[in-house]
Amino acid sequence: MSSWRVADHVDGGADGADGADGASGGGGGGEGGGGEGDAPRLRWHATFDRAVEAEMPFAVPTLWPPPAAVAAGLRLERCSRLLHHDQVRA
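These numbers were taken from a predicted model, which means no experiment stands behind them. (Residues numbered from 1 in each chain as written. Predicted model: local features only at pLDDT ≥ 70, side-chain atom pairs only at ≥ 80, totals over all residues. Heavy atoms only, no water.)

Caption draft 1: Representation of the overall build of the protein chain within the structure. Within the protein chain one finds two helices and two strands. For the protein chain, the α and β elements follow one another from N to C terminus as β-β-α-α. Out of the 90 residues in the protein chain, the part that is buried amounts to 21%. Put simply, the protein chain shows about 6700 Å² of open surface, and 53% of that area lies on carbon and sulfur atoms. (Helix = DSSP H or I, 4+ residues; strand = E, 2+ residues; numbered from the N terminus. Buried < 20%, exposed > 50% of the residue type's maximum accessible area, 1.4 Å probe, protein only. Areas by Shrake-Rupley, 256 points an atom, 1.4 Å probe, with all protein chains shown as cover.)

Caption draft 2: Examining the side chain of Asp8 more closely. By the element assignment, Asp8 lies in strand β1 (residues 6-10). The buried category is assigned to Asp8, whose relative accessible area is 7%. Separated by 2.7 Å, the side chains of Asp8 and His45 make a polar contact. The contacts of Asp8, once residues within four sequence positions are left out, are Arg41, Leu42, Arg43, His45, Met56 and Pro57. (Polar contact = N/O pair within 3.5 Å; in protein donor to acceptor, adjacent residues only side chain to side chain. Contact = heavy atoms within 4.5 Å.)

Caption draft 3: Quick look at the pattern of salt bridges. Under the defined criterion, the tally for this structure stands at two salt bridges. As a salt-bridge pair, Asp8 and Arg43 come within 3.0 Å of each other at their nearest N and O atoms. Of this pair, Asp8 sits in strand β1 while Arg43 sits in strand β2 (residues 41-45), placing them 35 residues apart in sequence. Neither residue differs from the other here; Asp8 and Arg43 are each classed as buried. When the shortest N-O distance is used, the salt bridge between Arg75 and Glu77 registers 3.8 Å. Given a relative accessible area of 43%, Arg75 falls into the partly exposed group. (Salt bridge = Lys/Arg side-chain N within 4 Å of Asp/Glu carboxyl O.)

Caption draft 4: Representation of the environment of Pro57. Summarising the element assignment, Pro57 is placed in the loop between α1 (48-53) and α2 (68-74). In this structure, the C-alpha to C-alpha distance between Pro57 and His9, residues 48 residues apart in sequence, is 9.5 Å.

Caption draft 5: Representation of the packing of aromatic side chains in the model. Tallied over the entire structure, the rule returns one aromatic pair. Between Phe48 and Trp64, the aromatic rings sit 6.0 Å apart at their centres with planes inclined by 70 degrees, giving edge-to-face as the arrangement. Of this pair, Phe48 sits in helix α1 while Trp64 sits in the loop between α1 and α2, and the two are 16 residues apart along the sequence. Relative accessible area serves as the criterion here: at 26%, Phe48 is assigned to the partly exposed category. Among the residues examined, Trp64 registers a relative accessible area of 8% and is labelled buried. Here Arg5 stacks its cationic end above the ring of Trp44, 3.9 Å away from the centre of that ring. (Phe/Tyr/Trp six-rings, centres within 6.5 Å; stacked < 30°, edge-to-face > 60°. Lys NZ or Arg CZ within 6 Å of the ring centre and 35° of its normal.)

Remember that the coordinates give geometry; whether it matters functionally is a separate question.
Here it is, written out as structure tokens:
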């Protein structure tokens, strides 16, 4: 894994529900997009700076991939990114 995308949840009825980078939230790929005004949506952010401009809560620079020059030395193709909620067992 050498690159990944970062998003936050926004209320479907909130202003600016389309991504700060021009990408629509649209229900997360597979969940029907319909007129549900209160359904949560994803707002994608290409960079940390854009996320801060869009007031993304809990945005920290380490959520985004490092610059290409740094990433080349880290051998990220050998890595997996695990998030705590991926490990929850119900």
